[in-house]
Amino acid sequence: MSIKRRFAAAAAVLTTALILTACSSGTASEEASGDVSRGGGLTGDTIRIGIKYDQPGLGLKEGDTFSGFDVDVARYVANALGYDDDHIDWVESISAQRETLIQNGSVDLIFATYSITDARKEQISFGGPYFIAGQDFLVSADNTSITGPDDIGSSILCSVEGSISAERIRDEYSSEVQLYPAQTYSECVELLSAGTVDAVSTDDIILAGFAAQPQYEGQFEIVGNPFTEEKYGVGLAKGNTELCEAVNDALTTMFDDGSWEKALSDNTPSDYSPNAELNPPTFEGCE
């Protein structure tokens, strides 16, 4: 072989090696930085999910442990998107801050008893819904005067600031009701236990979780007259259709394989019965 041909052959081998090295280096760099493509167009080594920290049976933080129906649904979806449990960062998402957390990029998704409303859809997008609850009342066990929204009158009602529950009572049922705006529903339940307020109003599944807590055994009753349909959606950035569709694909599988029903049964009291005509729900579609 001539010297010229030898140089040509050597150059070809070197070029091929450089290309392979560059490709290998790029993949390794990508993995090292966590910039790996995931389901729904997400990238990164972790997924940030907003939940409630104080709602037993839905989203509850105890030490380093997170539990509840919202948490189990969130884990399932995160796993389907390519994130195992060790790569989920849980972020506390109180009601009044949920839109802000999504808009400023503090979270990728929110599973926090997050009712889908037209007003909220102007600011963010929703996957799901993955559950439909109904607004109701939690009262002291000896309170027989409140049997529904028409009986609230001038009672002192506690609900969470930033939620729609209290405003609905005032706007649609009783202008005389005295609203006690709290930061969390756990605060509302403590006030009810102390006799500071007459009732707590929010979704029945939330109230059921609090009423079943050992420290409140025998103290409370849920009126049992739900008067709304609250569609729990997965909050995400406005217009992120790719992520929304990936979330809905994961939820569809969860409905179909029995995991959704198990998560609901595992996290709610035995005497709580969701509306079987509405659950599991039908998706609203991704805009």
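Quick caveat: nothing in here was measured; it's all calculated off a predicted structure.

1. Regarding the side chain of T113
When you line up the elements, T113 lands in the loop between strand 6 (109-110) and helix 4 (118-121). Here the side chain of T113 touches Q55 through a polar contact of 3.5 Å, side chain to side chain. Contacts of T113, omitting those with residues within four sequence positions, involve K52, Q55, L58, D70, R98, Y130, I206 and Y232.

2. So, the confidence of the model for the protein
Taken as a whole, the protein shows an average pLDDT of 88; of its residues, 88% reach a score of 70 or greater. Note that pLDDT drops below 50 for residues 1-33; the model gives that stretch 4 contacts with residues more than four away or on any other chain.

3. A closer look at empty space enclosed by the protein
This structure, assessed with the given rule, holds 2 cavities of 30 Å³ or more. Of the pockets and cavities examined, the largest cavity occupies roughly 110 Å³. Lining the largest cavity we find 14 residues, and of these T113, S115, S163, Y185 and D203 sit closest to its centre. The residue makeup of the lining of the largest cavity, split by class, is 3 nonpolar, 6 polar and 5 charged. In this structure, the second largest cavity spans a volume of roughly 40 Å³. Broken down by class, the residue content of the lining of the second largest cavity amounts to 3 nonpolar, 4 polar and 2 charged.

4. Points about the layout of surface pockets
Approximately 440 Å³ is the volume attributed to the largest pocket. Lining the largest pocket are 25 residues, and of these D204, A208, I222, D271 and Y272 lie nearest its centre. Looking at the lining of the largest pocket, the elements with two or more residues in it are strand 7 (125-133), helix 7 (204-211) and strand 12 (220-222). With 3 residues, helix 7 is the largest single contributor of residues to the lining of the largest pocket. Residue composition of the lining of the largest pocket, grouped by class: 13 nonpolar, 7 polar and 5 charged.

5. Thoughts on the packing of helix 2 (residues 69-80) against helix 8 (residues 241-256)
Direction vectors running N to C along helix 2 and helix 8 enclose 115 degrees, while the axes themselves pass 9 Å from each other. With respect to the hand of their crossing, helix 2 and helix 8 are arranged in right-handed fashion. Between helix 2, through D72, V73, Y76, V77 and A80, and helix 8, the contact on the second element is made entirely by V247, A250, L251, T253 and M254. Its residues assigned to classes, the contact of helix 2 with helix 8 comprises 8 nonpolar, 1 polar and 1 charged.

Criteria and cut-off values
Residues numbered from 1 in each chain as written. Predicted model: local features only at pLDDT ≥ 70, side-chain atom pairs only at ≥ 80, totals over all residues. Heavy atoms only, no water. Helix = DSSP H or I, 4+ residues; strand = E, 2+ residues; numbered from the N terminus. Polar contact = N/O pair within 3.5 Å; in protein donor to acceptor, adjacent residues only side chain to side chain. Contact = heavy atoms within 4.5 Å. pLDDT = per-residue confidence, 0-100. 1 Å grid on protein atoms, 1.4 Å probe; cavity = no way out; pocket = protein on both sides within 12 Å on 5 of 7 lines; lining within 4 Å. Points joined across faces, edges and corners; volume = space filled by probe spheres on them. Nonpolar A, V, L, I, M, F, W, Y, C, P; charged D, E, K, R; others polar. Axes fitted to C-alpha atoms, helices over the stretch in contact; angles between N-to-C directions. Left-handed = near helix turned anticlockwise from the far one by under 90°.

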